[in-house]
Every structure is written in structure tokens, then in C-alpha cells.
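Understanding the architecture of this molecule
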Amino acid sequence: MKTTFLALAMVFGMSSVAMAQVVTSEPATQEPVENVAEFKVIEISELPVLVKSSFDTEFPNSTIKEVQSNGSVFKISFTSASGEEQMVQYSADGEKVQ
């Protein structure tokens, strides 16, 4: 009987230890994802051909005012043919991002 009781006590004791979780009170610190790469102004002539072609097809007769890039995304600020100030983003392969 003592052996059975001792065995059960060990099983229950071990299972409670196995299910215990460590909890810390330290807050998690993580940098915002949006700060990964900053956008910098570039020349219109530096736009990849696929980006320029996609832009010209989607916004004919528009005037590009400024281009910014973070290396993989290109932001184009422009005045549309109807005179509206707009902004569009493209990936380096000419796909619209947003």
C-alpha cells in the first residue's frame, strides 16, 4: 500500500512540474516593422523600367513630382491628368503596392 501511494505521489508530483510555465514580468521590446528601411528621394531617371512602364500605363498624361525609394518599394508623388495630387507605390518589378 505504501508503495502504491508513493508511486502515485511521484506521478502527480512529476506531472505538475512538467506542466509548470515560467512567467516573466519583463515587457517585450520590439522595434516597429515600418522602420526597417527609410525612404529616400531619388531621381525619376533612377526608376526601374518596369515601374516607369506600369506608372505610365496606369496614369497616362500625369506629371511625376517626386520619387522616393527604400530599395524595394518606389513611392511616386504626381499630378494626374485631371490635376489631382496623388501618390502610388510600386514594387521593383512594377507591381502596384498598397
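Throughout what follows, the structure given in this document is the object of discussion.

Analysis parameters
- Residues numbered from 1 in each chain as written.
- Predicted model: local features only at pLDDT ≥ 70, side-chain atom pairs only at ≥ 80, totals over all residues.
- Heavy atoms only, no water.
- Helix = DSSP H or I, 4+ residues; strand = E, 2+ residues; numbered from the N terminus.
- Buried < 20%, exposed > 50% of the residue type's maximum accessible area, 1.4 Å probe, protein only.
- Areas by Shrake-Rupley, 256 points an atom, 1.4 Å probe, with all protein chains shown as cover.
- Core = buried A, V, L, I, M, F, W, Y, C linked by side-chain atoms within 4.5 Å.
- Contact = heavy atoms within 4.5 Å.
- Polar contact = N/O pair within 3.5 Å; in protein donor to acceptor, adjacent residues only side chain to side chain.
- Phe/Tyr/Trp six-rings, centres within 6.5 Å; stacked < 30°, edge-to-face > 60°.

What follows covers the overall build of the protein chain. On a plain count of helices and strands, the protein chain comes out with 2 helices and 5 strands. The secondary structure elements of the protein chain, listed N-terminal to C-terminal, are α-β-α-β-β-β-β. Within the span of the protein chain, comprising 98 residues, buried residues form 20% of the whole. Roughly 7,900 Å² of accessible area belongs to the protein chain as shown, and the carbon and sulfur atoms make up 58% of that amount.

Membership of the largest hydrophobic core is limited to 12 residues, which are Ile42, Leu47, Val51, Phe55, Phe59, Ile64, Val67, Phe74, Ile76, Phe78, Val88 and Tyr90. When contributions to this core are tallied by element, the ones reaching two or more residues are helix H2 (49-58), strand S2 (63-69), strand S3 (73-79) and strand S4 (85-91). Examining the composition of this core, we find that 3 residues originate from one element, S3, more than from any other. Once residues within four sequence positions are removed from consideration, Phe55 is found in contact with Ser62, Ile64, Ile76, Phe78, Val88 and Tyr90.

Before going further, it helps to spend a moment on the side chain of Ser69. Relative to the helices and strands, Ser69 resides in strand S2. Residue Ser69 is classed as buried on the basis of its relative accessible area, which comes to 10%. A polar contact of 3.4 Å, which involves the side chain of Ser69, links it to the backbone oxygen of Val73. Other than its neighbours up to four places away in sequence, Ser69 contacts Glu38, Phe39, Lys40, Ile42 and Phe74.

Time to look at the packing of aromatic side chains. Counted under the stated rule, the structure contains 3 aromatic pairs. Aromatic pair Phe55 and Phe59: ring centres 5.4 Å apart, planes at 35°, arrangement tilted. Phe59 carries the same exposure label as Phe55, and that label is buried. Each ring, one from Phe55 and one from Phe78, has its centre 5.0 Å from the other, and the planes form 85°; the classification is edge-to-face. Placement of Phe55 in helix H2 and of Phe78 in strand S3 is noted, with a sequence separation of 23 residues between them. Each of the two residues, Phe55 as well as Phe78, counts as buried. Put simply, the rings of Phe55, Phe59 and Phe78 touch in pairs and so form one group of aromatic residues.

With that out of the way, let us pick up the environment of Thr79. As for its position among the elements, Thr79 is in strand S3. For the pair formed by Thr79 and Ser62, sequence separation is 17 residues and the distance between their alpha carbons is 5.7 Å. With residues near it in sequence (within four places) discarded, Thr79 still touches Ser62, Thr63, Lys65, Glu84 and Glu85. Here the side chain of Thr79 touches Glu85 through a polar contact of 3.1 Å, side chain to side chain.

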